Structures are given as structure tokens and as C-alpha cells.
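Close look at the chain arrangement
One-letter residues, chain by chain:
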Amino acid sequence: DQQVKQNSPSLSVQEGRISILNCDYTNSMFDYFLWYKKYPAEGPTFLISISSIKDKNEDGRFTVFLNKSAKHLSLHIVPSQPGDSAVYFCAASESSGSARQLTFGSGTQLTVLP
Amino acid sequence: GAGVSQTPSNKVTEKGKYVELRCDPISGHTALYWYRQSLGQGPEFLIYFQGTGAADDSGLPNDRFFAVRPEGSVSTLKIQRTERGDSAVYLCASSFGLGQTQYFGPGTRLLVL
């Protein structure tokens, strides 16, 4: 029973265009969401996060949108660059949880074509 | 500054053997997490330390898995009687405190033959 789902295993985008990566969750107790980027043979690298009290957070080319009623979040990258090609993981946690462990989706492989 | 480091980077062992995986967190980070990532999946939580004690080990799959953090810094994940299904990338993460952003190491790729 996956609590965090990334239904698109892969996405290809032309350089300079917008990349939109989607994530859905089922656990209504999740109130903190993160995106990580992962290159081959490396660990996940933190990208951007959002608390459930917000519906948008922006950091440079990266913006995360949260729709709590739909239990959906998305990561927008604009403009996309070839160096953005990586696997992107959506993750979620509960502030009431003792460990604050992250629950991850299965990832989306983004390929930005030059 | 140094990030999270993990050793070894790769480990090949035979079924039934014992392995130890080491994690050195970012200096000053009190929280340390272990995750396991199987092929095509996202990382899955195993265990969490706040200081020296295992605050939550609910993600450990069975009693063959054990982890320690005796001095509140370096942690070792121990797997007894390894099975082929234990083959995965074992990731360690640390954070400054509870609820803070987790920073991951490069992982240890374990292959059980």
C-alpha cells in the first residue's frame, strides 16, 4: 500500500521548457513534503520542501505546489537544463510522528534533451 | 564541510554471511536515519536514532537487522545471515534535529550472492 505515489516513471522535456513532476499521497496525516534529486551512484540530494500551511514554495528555477484537498503536489522546473536530468523523488512526513521518517515515492526519471 | 559518508561503497557477500555497514553523519547532526532502496523503488525507512538511542526501529524488516550508534555520532547497520533479498542500496541520512531536512550519504550497494 503505497502512501506516496509517483505515477510517471519517466519524463522527457526539451531544454528551456518547463518540467512538471507530479506526486500523490493518501495519508492525510502528512504535513511536510520534500523533493529530492538523485544522480546515479549518489545519494538523494535535497531540492525543495513545503509545509502544509502553504500552497506554494519557490526557490530559483524550482517551485513546488501543494493541493491538500486533492492530496497532490507537483514540482515545476523552469527553464529546464540538461543538468537537471536525474531521478526525482517526492517524500512526505508527519509532524506528529516520533521519528519524522520520510515516506518516498518510487521516483520519476527526468531527461532534459539539449 | 563534509557531508554524510558511508563505507564501504560496495559490498558483495555470500548468502548466510554477516555484514556491517557504516555511516558517518554530518558533524553536529543529532538525528540519524537508515533507509533501504531496492531497484526501481524509493528509499524505505529502517531505523532512526536521536543521539545514542534507537528512537524508532519500526522499519527494520526482521530480527536479522540491527543498528547501533554508541557515541551518538557514527552508526553501524548490522545484518546477520544475509539473504539474497537483502540486496539493495542502504542509505544513511542525518539532520540537525527532529523534523529538520535530512541529508543523505551516497549509500552502500550490498549484493548478496
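Scroll up to find the structure.
An account of the accompanying structure is given in this report. (Residues numbered from 1 in each chain as written. Chains lettered and ligands numbered in written order. Predicted model: local features only at pLDDT ≥ 70, side-chain atom pairs only at ≥ 80, totals over all residues. Heavy atoms only, no water.)

**Concerning the sheet that holds strand S3 (residues 19-24) of chain B**
Residues and elements named next belong to chain B.
- Across the sheet, which stays open at both edges, the four strands sit in the order S1-S3-S8-S7 with antiparallel pairing between neighbours. A single partner strand is all that each edge strand has here, and the edge strands are strand S1 (5-7) and strand S7 (65-68). Each strand axis lies, on average, 15° off the axis of its neighbour in the sheet, ignoring direction.
- In this structure, S3 lies alongside strand S8 (residues 75-79), joined through five bridges in antiparallel fashion. In the sheet register, Arg22 faces S8, and the bridge partner there is Thr76. (Pairing = 2+ DSSP bridges. Helix = DSSP H or I, 4+ residues; strand = E, 2+ residues; numbered from the N terminus. Axes fitted to C-alpha atoms, helices over the stretch in contact; angles between N-to-C directions.)

**Topic: the pairing of strand S6 (residues 53-56) of chain B**
- Inspection of the sheet shows strand S5 (residues 44-50) of chain B paired to S6 of chain B by three bridges, in the antiparallel sense. Each residue of the ladder has a partner; that of Gln50 of chain B, found in S6 of chain B, is Gly53 of chain B.

**Description of the packing of aromatic side chains**
- Across all of its chains, the model carries 12 aromatic pairs over all chains by this definition.
- Summarising the aromatic geometry, the rings of Tyr36 of chain A and Phe46 of chain A are spaced 5.9 Å apart at their centres and angled 70° between planes, so their arrangement reads as edge-to-face. With Tyr36 of chain A in strand S4 (residues 32-38) and Phe46 of chain A in strand S5 (residues 45-51), the pair connects residues that are 10 residues apart, well separated along the chain.
- Aromatic side chains Tyr36 of chain A and Phe104 of chain B sit 5.3 Å apart centroid to centroid with 90° between the ring planes, which places their arrangement in the edge-to-face category. Here Tyr36 of chain A, found in strand S4, pairs with Phe104 of chain B, found in strand S10 (residues 103-104), and the two come from separate chains.
- The exposure class of Phe104 of chain B is buried, given its relative accessible area of 11%. (Phe/Tyr/Trp six-rings, centres within 6.5 Å; stacked < 30°, edge-to-face > 60°. Buried < 20%, exposed > 50% of the residue type's maximum accessible area, 1.4 Å probe, protein only.)

**Examining the nonpolar core**
- Ranked by size, the top nonpolar core spans 23 residues in total, and within it Phe33, Trp35, Leu73, Leu75 and Tyr88 of chain A carry the most contacts.
- Going through the elements one at a time, strand S3 (19-25), S4, S5, strand S7 (62-67), strand S8 (72-77), strand S9 (86-93) and strand S11 (108-113) of chain A are the ones with two or more residues in this core.
- Sorting elements by how many residues they give to this core places S9 of chain A first, with four residues.
- With residues near it in sequence (within four places) discarded, Phe33 of chain A still touches Tyr25, Ile48, Ser49, Ile50, Leu66, Leu73, Ala91 and Ala92 of chain A.
- Core analysis: the next-biggest nonpolar cluster, separate from the first, contains 20 residues, Val4, Ile79, Ala88 and Val112 of chain B among them. (Core = buried A, V, L, I, M, F, W, Y, C linked by side-chain atoms within 4.5 Å. Contact = heavy atoms within 4.5 Å.)

**Some words on a nonpolar patch on the surface**
- Taken together, the side chains of Ile18, Ile20 and Val78 of chain A define a hydrophobic patch exposed on the protein surface, amounting to about 230 Å² of accessible area.
- Topologically, Ile18 of chain A is positioned in the loop between strand S2 (10-14) and S3. (Patch = residues over 30% accessible without salt bridge, like charges linked within 9 Å, V, L, I, M, F, W, Y side chains within 5 Å. Areas by Shrake-Rupley, 256 points an atom, 1.4 Å probe, with all protein chains shown as cover. Salt bridge = Lys/Arg side-chain N within 4 Å of Asp/Glu carboxyl O.)

**Structural notes on the sheet that holds strand S1 (residues 4-5) of chain A**
Residue and element names in this part refer to chain A.
- Taken in spatial order, the five strands line up as S1-S3-S8-S7-S6 in an open sheet, and their pairing is antiparallel. In this open sheet, the two strands that pair with only one neighbour each are S1 and strand S6 (56-59).
- In terms of strand pairing, S6 meets S7 through four bridges, oriented antiparallel. In the sheet register, Lys56 faces S7, and the bridge partner there is Phe65.

**Brief notes about the interface of chain B and chain A**
- The partner chain A presents 17 residues to the 19 residues of chain B that form the contact.
- For the chain B and chain A pair, buried surface summed over both sides reaches about 1500 Å², with 57% attributable to carbon and sulfur atoms.
- Considering only the surface of chain B that becomes buried against chain A, Pro43, Thr101 and Phe104 of chain B emerge as the three largest contributors, covering 26% of it.
- Where chain B meets chain A, there are zero salt bridges.
- The interface formed by chain B and chain A includes two residue pairs in polar contact (both at pLDDT 80 or more).
- Taken together, the elements giving at least two residues each to the side of chain B that touches chain A come down to strand S4 (31-37) and S5 of chain B.
- With three residues, S4 of chain B is the largest single contributor of residues to the side of chain B that touches chain A.
- Partitioning the side of chain B that touches chain A into residue classes produces nine nonpolar, eight polar and two charged. (Buried area = accessible area lost by both parts, 1.4 Å probe. Polar contact = N/O pair within 3.5 Å; in protein donor to acceptor, adjacent residues only side chain to side chain. Nonpolar A, V, L, I, M, F, W, Y, C, P; charged D, E, K, R; others polar.)

**Re the side chain of Asn27 of chain A**
All names here are of chain A.
- One can find Asn27 in the loop between S3 and S4.
- Here the side chain of Asn27 touches Met29 through a polar contact of 2.8 Å, landing on its backbone nitrogen.
- With residues near it in sequence (within four places) discarded, Asn27 still touches Gln3 and Glu94.

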